[in-house]
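Coordinate inspection notes
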Amino acid sequence: MHAANAQAFWIQAPGHGEIRQHALPDLQAHELLIRTRYSAVSRGTESLVFQGKIPESEYTRMRAPFQEGDFPGPVKYGYANVGVVEEGPEAWRGREVFCLYPHQTRYVVPIDAVVPLPEDLPAARAVLAANMETAVNALWDAAPRVGDRISVVGAGVLGSLVAWLCQKTAGARVQLLDIDADKAELAAALGLPFRHPRDAEDEQDIVINASGSPHGLRSALELAGYEAEIIELSWFGRDEVTLPLGEAFHSRRLTLRASQVGGVSPARRARRSHAQRLQLALTLLRDARLDALIDAESDFQDLPTTLARLSDADRPALCHRIRYS
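Below, the structure is looked at part by part. This structure is a prediction, so every number in the text was calculated from the model and none was measured.

The rules behind these values
The written sequence of each chain sets the order in which its residues are numbered from 1. Since the coordinates come from a predicted model, pLDDT governs what is reported: local features require at least 70, and pairs of side-chain atoms require 80 or more to be given and counted, while whole-chain, interface and lining totals use all residues. With hydrogens and water set aside, each side-chain value is computed from the structure's full complement of heavy atoms. One bridge is not enough; two strands pair if DSSP finds at least two bridges between them. Helical segments are the DSSP runs of H or I of at least four residues, strand segments are the runs of E of at least two, and each set is numbered from the N terminus. Throughout, a residue-residue contact means that at least one pair of heavy atoms, one from each residue, lies within 4.5 Å. Interaxial angle, 0 to 180 degrees, is taken between N-to-C directions of lines fitted to C-alpha atoms, where a helix line uses only the stretch in contact. To estimate how far a helix should extend, the number of its residues minus one is multiplied by 1.5 Å. When a residue's accessible area, from a 1.4 Å probe over protein chains only, is under 20% of the maximum for its type it is buried; when over 50% it is exposed; and in between it is partly exposed. Any two rings among Phe, Tyr and Trp, with Trp reduced to its six-membered ring, count as a pair given centres within 6.5 Å; such a pair is stacked if its planes are under 30 degrees apart, edge-to-face if over 60, and tilted if neither. Two limits define a charge over a ring: the Lys NZ or Arg CZ must be within 6 Å of the ring centre, and within 35 degrees of the ring normal. The directions from the helix axis to the C-beta atoms form the arc being described. Salt bridge criterion: a side-chain nitrogen from Lys or Arg within 4 Å of a carboxyl oxygen from Asp or Glu. Under this scheme an angle from 65 to 115 degrees is roughly perpendicular, one under 35 degrees roughly parallel, and one over 145 degrees roughly antiparallel; angles in between are oblique. Handedness of a crossing is defined here by the sense of rotation of the near helix relative to the far one, left-handed for an anticlockwise turn of less than a right angle and right-handed for a clockwise turn. Each residue is assigned to one class: nonpolar for Ala, Val, Leu, Ile, Met, Phe, Trp, Tyr, Cys and Pro, charged for Asp, Glu, Lys and Arg, and polar for all the others, Gly among them.

1. Quick look at the sheet that holds strand E14 (residues 224-232)
- In spatial order, the strands read E12-E11-E10-E13-E14-E15; together these six strands make up an open sheet with parallel pairing. Of all the strands in the sheet, the pair left with one neighbour each is strand E12 (194-195) and strand E15 (255-258).
- Examined bridge by bridge, strand E13 (residues 204-209) and E14 share five bridges and lie parallel to one another. Of the residues in E14, the one forming a bridge with Ile206 is Glu229.
- The sheet strands contacting helix H4 (residues 157-166) are strand E10 (149-153), strand E11 (173-177) and E13, and the helix crosses E11 at an angle near 170 degrees.

Take a look at the structure:
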């Protein structure tokens, strides 16, 4: 028999989280009981959820796969969970898996909701899977070509992963940009050229904004060359963004396009499922250099105060990993 109860993190109201007891359902033949080993906090979307900044128009579209409750709260939200299968079919028991599940000590999900970790991928690094999946989708949208000049604005987790993938394009000249000079050390660990936006090379073929800042998007517009494409990965929630589209935007025939992970990129939608995209993301995480993207860890029981602190931070840090006993 599996444990009758688990503990889950809930956002009770904007700015206030708590740990709740959670009764688990009986396990069915097509389901798995998973014990969480690690989860991760999404510094962008999850901070907006915690602060109650999801626009009402997006309440339905922004639901996570196993979300409970509704925005603005009470709501159980999250989508980066790595655990080990405790009960289920014999072939699954003991396997480490990734699931788009909120912060919870144990949970029951259908077998097709999880993806097994590659044997050589440590569970502690696999919490980056949701970020890598978003980065993969961004590259499918941006479609970098041989020899392209590419700028990525924002050296957070997502921007760094996007730049790291772009650099694998033959002959590509990639620059990772951030106003925080301390991010140069992260870029060096990933083998990426780093610059402040004011010192960046212009006339770029592709500019990808992952800064989460309107200033980053303005920098992207300035760096784009003639008929270049700007890919916007940031989501600003309720905040309005003003852009200088009355300057050279039209004369340079620029294209500004959003990339969002909820749908598989149109470039691959006919031939790739969400599960296949996630499996690819896990495979790409096998490089140990990517451990540099995880800069802090705390205990699950401390999550109410941890998320409050992360949401109030002046500058977003990198991936914050949550460990479970």
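2. Examining helix H3 (residues 129-142)
- When the terminal C-alpha atoms of H3 are compared, their 20 Å separation across 14 residues agrees well with the 20 Å that a helix rising 1.5 Å per residue should span.
- Most of H3 is tucked away, with 13 of its 14 residues classed as buried.
- With its phi angle positive at about 50 degrees, Ala143 sits one or two positions after the end of H3.

3. Considerations on the packing of aromatic side chains
- Taken as a whole and assessed by the stated rule, the structure comprises six aromatic pairs.
- Ring plane angle 55 degrees and centroid distance 5.8 Å describe the contact between Tyr59 and Phe71, whose orientation is recorded as tilted. In this pair, Tyr59 sits in the loop between helix H1 (45-50) and strand E4 (68-69) while Phe71 sits in the loop between E4 and strand E5 (75-76), placing the two residues 12 residues apart along the sequence.
- The class for Tyr59 is partly exposed, based on a relative accessible area of 22%.
- Summarising the aromatic geometry, the rings of Tyr101 and Tyr107 are spaced 4.0 Å apart at their centres and angled 10 degrees between planes, so their arrangement reads as stacked. Pair check on accessibility: Tyr101 and Tyr107 agree, each one buried.
- Among the aromatic residues, those joined into a cluster by ring pairs are Tyr59, Phe71, Tyr77 and Tyr79.
- Here Lys168 stacks its cationic end above the ring of Trp164, 4.1 Å away from the centre of that ring.

4. Some words on helix H7 (residues 274-284)
- Listing the buried residues of H7 in full gives Arg277, Leu278, Ala281 and Leu282. In a view along the axis of H7, the buried residues occupy a sector of 140 degrees, so they form one face of it.
- Where the residues of H7 are buried, they touch strand E7 (96-99), strand E9 (114-116), helix H2 (123-126) and H3.

5. Looking at the pattern of salt bridges
- On inspection of all chains with the given rule, the structure shows 21 salt bridges.
- A salt bridge links Arg173 to Glu201, with the shortest nitrogen-to-oxygen separation between them at 2.6 Å. Remark: Glu201 occurs in the loop between E12 and E13 and Arg173 occurs in strand E11; sequence separation between them is 28 residues.
- A relative accessible area of 45% means that Arg173 is categorised as partly exposed.
- By relative accessible area, which is 33% here, Glu201 ends up partly exposed.
- What emerges from the salt-bridge pattern is a single network uniting Arg35, Glu86 and Arg106.

6. Topic: the packing of H3 against H4
- At a closest axis distance of 9 Å, the pairing of H3 and H4 adopts a crossing angle of 50 degrees. Relative to H4, the element H3 is oriented oblique. The handedness of the crossing between H3 and H4 is right-handed. Contacts from Asn131, Met132, Thr134, Ala135, Val136, Ala138 and Leu139 in H3 reach Val157, Leu158, Leu161, Val162, Trp164, Leu165 and Cys166 in H4.
- Per-class residue counts for the contact of H3 with H4 are 12 nonpolar, two polar and no charged.

Everything listed here is a matter of coordinates, which is why it stays silent on function.
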